[in-house]
Amino acid sequence: PFLVDSSDRNTKNLVSLKEAQKEIQQLRNELEHTPMKKENMVELREHLKEKLLNILSHTDSVRHIPADIEQMSKSLFEHYNKNMFISESDPIWNRITEKINSQNPQFYKYIDILTLGKLNHGDMRILELIRCGITPTQMSHILGKAKGTISSRRASMSERMFDKSIGNTEFDFIIRSL
C-alpha cells in the first residue's frame with residue numbers, strides 16, 4: 001500500500017487553499033468593478049456561480065476557517081452563552097453586519113447577485129451566522145429555531161443560489177469565502 005506523508009498532504013492542502021484564496025480575490029476584484037444593473041443580474045449570477053463552483057471543485061479537501069471569522073465566531077458564541085437566544089433587536093446583529101462589511105464590503109452584493117435579490121431576512125441571518133463560522137446547532141439556539149429548520153433552510157438556499165444541492169459543508173465554505 002502507498003502511504004502519504006501527512007506533512008506532504010498538508011503542504012498540498014495549503015497550496016490548494018492559497019490558490020483558492022487567490023481565485024476568490026480575483027473574483028472579488030472583477031465583481032467590484034461591475035455595475036449592478038437589473039439587466040445584467042442574471043449574467044452576473046451565472047458568472048459568480050460558475051466561478052465559485054469552480055473554486056470549490058479545486059479545494060475539495062480544504063475547509064479552513066480564516067482567523068478573522070474564527071474570532072467573530074468566538075465573540076458571537078460568548079454573547080450567545082450569556083444570553084441564549086439572540087433577539088432581532090439585539091445590537092450584536094449590527095456588530096455582525098459591520099464586521100462582515102469590514103472583512104468584505106461586497107459580501108451582501110454577492111449574496112444579492114446569487115439570490116437575484118430574493119432573500120428573506122431570516123435567511124440572511126443564517127448566511128451571516130455561516131459567514132461567522134457558527135454551526136447549525138449553535139444557530140438553532142441563537143435563532144430559537146429547530147436544528148432541522150436551520151439545515152433545511154441552508155439546503156434550500158444552496159439550491160436557490162446554485163440551482164443544485166452542493167452539500168452543507170461546501171455551501172458553508174463558499175459563504176465563508178465570499
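Parameters and conventions
- Residues numbered from 1 in each chain as written.
- Predicted model: local features only at pLDDT ≥ 70, side-chain atom pairs only at ≥ 80, totals over all residues.
- Heavy atoms only, no water.
- Helix = DSSP H or I, 4+ residues; strand = E, 2+ residues; numbered from the N terminus.
- Polar contact = N/O pair within 3.5 Å; in protein donor to acceptor, adjacent residues only side chain to side chain.
- Salt bridge = Lys/Arg side-chain N within 4 Å of Asp/Glu carboxyl O.
- Buried < 20%, exposed > 50% of the residue type's maximum accessible area, 1.4 Å probe, protein only.
- pLDDT = per-residue confidence, 0-100.
- Contact = heavy atoms within 4.5 Å.
- Axes fitted to C-alpha atoms, helices over the stretch in contact; angles between N-to-C directions.
- Parallel < 35°, antiparallel > 145°, perpendicular 65-115°, else oblique.
- Left-handed = near helix turned anticlockwise from the far one by under 90°.
- Nonpolar A, V, L, I, M, F, W, Y, C, P; charged D, E, K, R; others polar.
- Core = buried A, V, L, I, M, F, W, Y, C linked by side-chain atoms within 4.5 Å.

Asker: Where do I start with the environment of H121 in this structure?
Answerer: Relative to the helices and strands, H121 is located in helix α6 (residues 121-131). Within the local environment of H121, its side chain forms a polar contact with the side chain of E88, the two groups lying 2.6 Å apart.

Asker: Explain the pattern of salt bridges here, please?
Answerer: Side chains that differ in sign of charge can pair as their charged atoms come close. Taken as a whole and assessed by the stated rule, the structure comprises nine salt bridges. With a closest N to O distance of 3.2 Å, E46 and K49 form a salt bridge. Remark: K49 and E46 occur in helix α2 (residues 38-57); sequence separation between them is three residues, near one turn of the helix. Between D163 and K49 there is a salt bridge, with its nearest N and O atoms 2.4 Å apart. One end of the pair, D163, is in the loop between α8 (147-162) and α9 (168-177); the other, K49, is in helix α2, and 114 residues separate them in sequence. What makes D163 partly exposed here is its relative accessible area of 46%.

Asker: Would you mind going over the confidence of the model for the protein chain with me for this structure?
Answerer: One rule of thumb: low pLDDT means the predicted coordinates there are not for detailed reading. Here the protein chain averages 77 in pLDDT, and 70% of its residues register 70 or above. In this model residues 1-9 is a low-confidence stretch, pLDDT under 50, and it forms one contact with partners more than four residues away in sequence or in other chains.

Asker: In this structure, what is going on with the packing of α6 against helix α7 (residues 136-143)? I would like to understand it.
Answerer: What describes two packed helices is the angle between their axes and the distance between those same axes. Contact geometry for α6 and α7: axes closest at 11 Å, N-to-C directions at 135°. On the basis of their axis angle, the class for α6 and α7 is oblique. Crossing geometry of α6 relative to α7 is assigned as right-handed. Note on element contacts: α7 touches α6 through M139, I142 and L143, opposite R125, I126, L129 and I130. By residue class, the composition of the contact of α6 with α7 is six nonpolar, no polar and one charged.

Asker: What is the right way to look at unusual backbone geometry in this model?
Answerer: A negative phi angle is the norm for most residues apart from glycine, just as the trans form is the norm for most peptide bonds. For L116, which is not a glycine, the phi torsion comes out positive at approximately 55°. Within the fold, L116 resides in the loop between α5 (107-115) and α6. With a relative accessible area of 33%, L116 lands in the partly exposed category. At D163, a position not held by glycine, the phi torsion is positive, near 60°.

Asker: Got a minute to help me understand the nonpolar core in this structure?
Answerer: Among soluble globular proteins, nonpolar side chains are generally buried collectively. The biggest cluster of nonpolar side chains holds 38 residues, and the ones touching the most others in it are L76, L127, L129, F171 and I175. Looking at this core, the elements that each hand over two or more residues are α2, α3 (67-83), α4 (92-103), α5, α6, α7, α8 and α9. A total of six residues in this core trace back to one element, the largest contributor, which is α5. The contacts of L76, once residues within four sequence positions are left out, are I86, I92, I96, L129, C132, I134 and I142.

Asker: What is the right way to look at α5 in this model?
Answerer: Among the nine residues of α5, eight are classified as buried, and the element is accordingly described as predominantly covered. For α5, the set of buried residues is F107, Y108, K109, Y110, I111, I113, L114 and T115. With its phi angle positive at about 55°, L116 sits one or two positions after the end of α5.

Asker: Would you mind showing me how to read the side chain of E128 here?
Answerer: Within the element layout of this structure, E128 appears in helix α6. Sequence-distant contacts of E128, that is, excluding residues within four places in its chain, are made with W93, I96, T97, I100 and Y108.

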